[in-house]
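Structure at a glance
Given next are the chains, with one letter for each unit.
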Amino acid sequence: MVRVLSAALAFIVAALPLAAAVRVSSLSRDLSVSLKERPVMKVVRLLQDMKAELQAELDDDKNVNDKLSCWCETNEKEKTAAIELGESTVAQLESSMSEAASKMVALKEKRKATMDQMYADQKSLDEAEEMRMTENKAFHGEETGLLDAVAACKQAIVVLSKHHPELAQVRAVALKLQESRVPELSMSRGLRPAQLEALKGFLQQAVSATSFLAVPGFQSYRPQSGQIFGVLKQMQEDFEKDLSGAQADELKAVEQFESLKAAKLEEIAAADKAVIQIDADLAEFGEKHAQELKEFEDTKAQLALDQEFLASLQKKCSESSEEYDARVKSRLEEIAAVEDTIKILNTDEAFDVFDKSVSTAFLQVSTESREEQARRQRATSVLQRVAGLSGAPQLALLAASAKLDTFDQVKAEIDKLIAELGRQQQDEVEHRDWCTEELAENERSTAQATDKKESLSTKIADLDKTIETLAADIKSTEAAVSEMKEQMKRSSENREGEHAVFAQTISDQRLTQVILNKALNRMKQVYAMLQEEPEQAGAAHTATSGNHTDAGNGPARFTKYEQHVGGSRVVAMLETVISDSQKMEDEAIQAEDDAQTAYETFMKDSNKSVTQSQRKITNMKESSAKAKSSLSMAQTDLDQTGKELEDLNEMLGDTHKSCDFILKNFEARQEARSAEVDALKEAKAILSGMA
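Since we're looking at a predicted model, the values are computed, not measured.

Here we look at the packing of aromatic side chains
What the rule picks out here adds up to zero aromatic pairs. Taking the ring centre of phenylalanine 309 as reference, the NZ or CZ of lysine 79 above it sits at 4.9 Å. Cation over ring: arginine 615 sits above tyrosine 119, and NZ or CZ is 4.6 Å from the ring centre.

The structure is reproduced here in structure tokens:
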């Protein structure tokens, strides 16, 4: 804006001296005219020249006014349109920023609600998994107990179904029934009190009995038809039924848990996807809001500049219009006066009168003394000399005026010109100071903008690196979460497979034990019980002949009877195999418990790790969104800083155009103008009669 106004003023100042130059040229020509012609005609010719000069000045003022009017109209139209557009843009940006802020608040609330719901779903899933583990552990305990009870009942029924079971076998099955907690399990299976008491009495007595007579229900030879046999069969059926029901319930519970788990995982995945989308929307709205805020601030600043420019333009144009009207009025008055004077003087009657009354020295004022003429000549010489040196049209015009006008008029013109030169001197000093300050300010602003640009470039590089690092961390963490979920899935599948193997192993071992116990009991019927040795009759065998009353010894006799030595080895081997089978069963149960505990710990730790990783991913995505928003703002600032540097460079060029000549020739111009002032003062002193 300042540059535009300065250009207009420079144009006006450049146009004004043209009339003065024309006037100087005309006056010089008139002074060279011979004074021998008619004096009044010289005056008329001067008046005609004045009229032409005044008309030229009027035409020049009109050209200047036309250009200024066009310039004012064009700039006012452009700035008015720019202000209207700026006000409209500000209103639109305010509305858009308010809408974006409202959407960001709503998205943050939605994100918080979604995160809370996701955490609640994860917590529900963790609680469901923990409950499922507890139920599964309880089921394994119940299943193991029922399997033991069923196996004990089967073994007892097998033993008691024999016609003559061994007492050791009865003791063994009774002890097995007690170890399997059959009485405790029977209390909740609907046995009548009498049956339950009979069972307890049988077990208590059978363990410590020394003969069948001390065992309830074994006083007869048909135990299989007794009350204990029936109770055991009923208990076996109840245990098998309960085992089947427990296994069915466990299978149903597993199916329900898997269905719940799938639903919760689907909800958690949907919530996580929604959070990712919300984060992306927040980043987008944040970037949009930052860009609009920057545009809003720039538009407001530009709007203020445009409004200030328009106000200054209107003031300047109004002043120029008023000045033009005043100049036209004055010029027209001067032209009218000159025309009237020419009409008065340029007549034959006037010439006849002037020929009789006016001498040829009219222009020199006949009443002027020689001393005054000498002073006029000296003053004119001083002014012409300085005008020749400086080339100033005002001095040449003043030198011409000094030859014609009165001393008072010339001195008044000298005072005006001295004042004008003093003002020009001061204006040039102020312009020099303004140039110096403007160049220094431009240098400071350029340095600050350059530093800001370098800082923003560094910041953008850091933000790019941060965003890249966060993206890599998010990707690796998501991959780790996927891997953990895959490991959890495989662990669940392995656990199910291990449990199936365990159940099959327990069943096989217990069936093996039943078969081996049956074989052992059968071997013990012959080899485990102590046998009385048969009494051998007679002495060592000696063959004798018979007589009439005694046949004598036979030809041979049996050797001493002994059991086969391999039977005891078979019994020992069977007992070892049964012991190994029971040991394997115990080890399998212990291994199952350890594996289940390890599985539960692994699943709990994995779920905790997945939750922490998901939170970490969410936090990193928030940081990435903030970094992207900061990056967008930094890039906008960098672009603005680049534009600012371009503007500063353009302003620097304009300043150099306006200032280089002044700064380079300041001292010479000041000295020349001072010389002009001194010459004017000298001329005035001469005209005032000073030596």
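This is not the end of the story, as more comes after the structure.
Observations regarding the layout of surface pockets
Estimated volume of the second largest pocket: approximately 560 Å³. Along the wall of the second largest pocket there are 26 residues; nearest its centre are Asn136, Glu250, Val254, Glu496 and His499. Of all the secondary-structure elements, those providing two or more residues to the lining of the second largest pocket are α3 (39-160), α7 (227-345), α11 (407-527) and α12 (565-687). Looking at side-chain class alone, the lining of the second largest pocket contains ten nonpolar, eight polar and eight charged residues.

Comments concerning the nonpolar core
General note: in soluble globular proteins, nonpolar side chains tend to be found buried as a group. Judged by nonpolar contacts, the single largest core of 24 residues is most densely connected at Leu160, Leu177, Val182, Leu232, Met235 and Phe239. Elements represented by at least two residues in this core include exactly α3, α4 (167-179), α5 (182-186), α6 (193-208) and α7. At nine residues, the largest contribution of residues to this core is made by α3.

Some thoughts on a negative patch on the surface
A grouping of Glu319, Glu322, Glu323 and Asp325 is seen on the molecular surface, where their side chains present a negatively charged patch. When you line up the elements, glutamate 319 lands in helix α7. With relative accessibility at 37%, the residue glutamate 319 sits in the partly exposed group.

Re the confidence of the model for the chain
Put simply, the chain has an average pLDDT of 75, and 71% of its residues get 70 or more. Mean pLDDT values for the elements of the chain range from 37 in helix α1 (residues 2-15) up to 86 in α7. Ignoring residues within four places in sequence, the model shows residues 1-37, a span with pLDDT below 50, making 51 contacts including any to other chains.

Section: the state of the cysteines
Counted according to the given criterion, the structure contains two disulfides. Sulfur-sulfur distance for the disulfide between cysteine 72 and cysteine 317 comes to 1.8 Å. Judged by the sign of its S-S torsion, about -100°, the cystine formed by cysteine 72 and cysteine 317 is left-handed. Placement of cysteine 72 in helix α3 and of cysteine 317 in helix α7 is noted, with a sequence separation of 245 residues between them. Of the two residues, cysteine 72 and cysteine 317, neither departs from the other in class, the shared state being buried. Here the chain pairs its bonded cysteines, counted in sequence order, in the arrangement 1-2, 3-4.

Focus: the pattern of salt bridges
Enumeration over the complete set of coordinates arrives at 28 salt bridges. A salt bridge links glutamate 267 to lysine 264; the shortest N-O distance between them is 3.7 Å. Pair noted here: glutamate 267 and lysine 264 are both in helix α7, with a separation of three residues, about one helical turn. What makes glutamate 267 partly exposed here is its relative accessible area of 37%. Exposure remark for lysine 264: the relative accessible area of 17% places this residue in the buried category. Salt-bridge contacts for glutamate 478 lead to lysine 621; the nearest nitrogen and oxygen are separated by 3.4 Å. With a gap of 143 residues between them, glutamate 478 in helix α11 and lysine 621 in helix α12 connect regions that are remote in the sequence. Among the residues examined, glutamate 478 registers a relative accessible area of 31% and is labelled partly exposed. Given the relative accessible area of 13%, lysine 621 is considered buried. One network of salt bridges, with partners in common, ties together Glu57, Arg331 and Glu334.

Parameters at a glance
Residues numbered from 1 in each chain as written. Predicted model: local features only at pLDDT ≥ 70, side-chain atom pairs only at ≥ 80, totals over all residues. Heavy atoms only, no water. Phe/Tyr/Trp six-rings, centres within 6.5 Å; stacked < 30°, edge-to-face > 60°. Lys NZ or Arg CZ within 6 Å of the ring centre and 35° of its normal. 1 Å grid on protein atoms, 1.4 Å probe; cavity = no way out; pocket = protein on both sides within 12 Å on 5 of 7 lines; lining within 4 Å. Points joined across faces, edges and corners; volume = space filled by probe spheres on them. Helix = DSSP H or I, 4+ residues; strand = E, 2+ residues; numbered from the N terminus. Nonpolar A, V, L, I, M, F, W, Y, C, P; charged D, E, K, R; others polar. Core = buried A, V, L, I, M, F, W, Y, C linked by side-chain atoms within 4.5 Å. Buried < 20%, exposed > 50% of the residue type's maximum accessible area, 1.4 Å probe, protein only. Patch = residues over 30% accessible without salt bridge, like charges linked within 9 Å, V, L, I, M, F, W, Y side chains within 5 Å. Areas by Shrake-Rupley, 256 points an atom, 1.4 Å probe, with all protein chains shown as cover. Salt bridge = Lys/Arg side-chain N within 4 Å of Asp/Glu carboxyl O. Lys, Arg positive; Asp, Glu negative; His and termini not counted. Charge placed at Lys NZ, Arg CZ, Asp CG, Glu CD. pLDDT = per-residue confidence, 0-100. Contact = heavy atoms within 4.5 Å. Disulfide = S-S within 2.5 Å.

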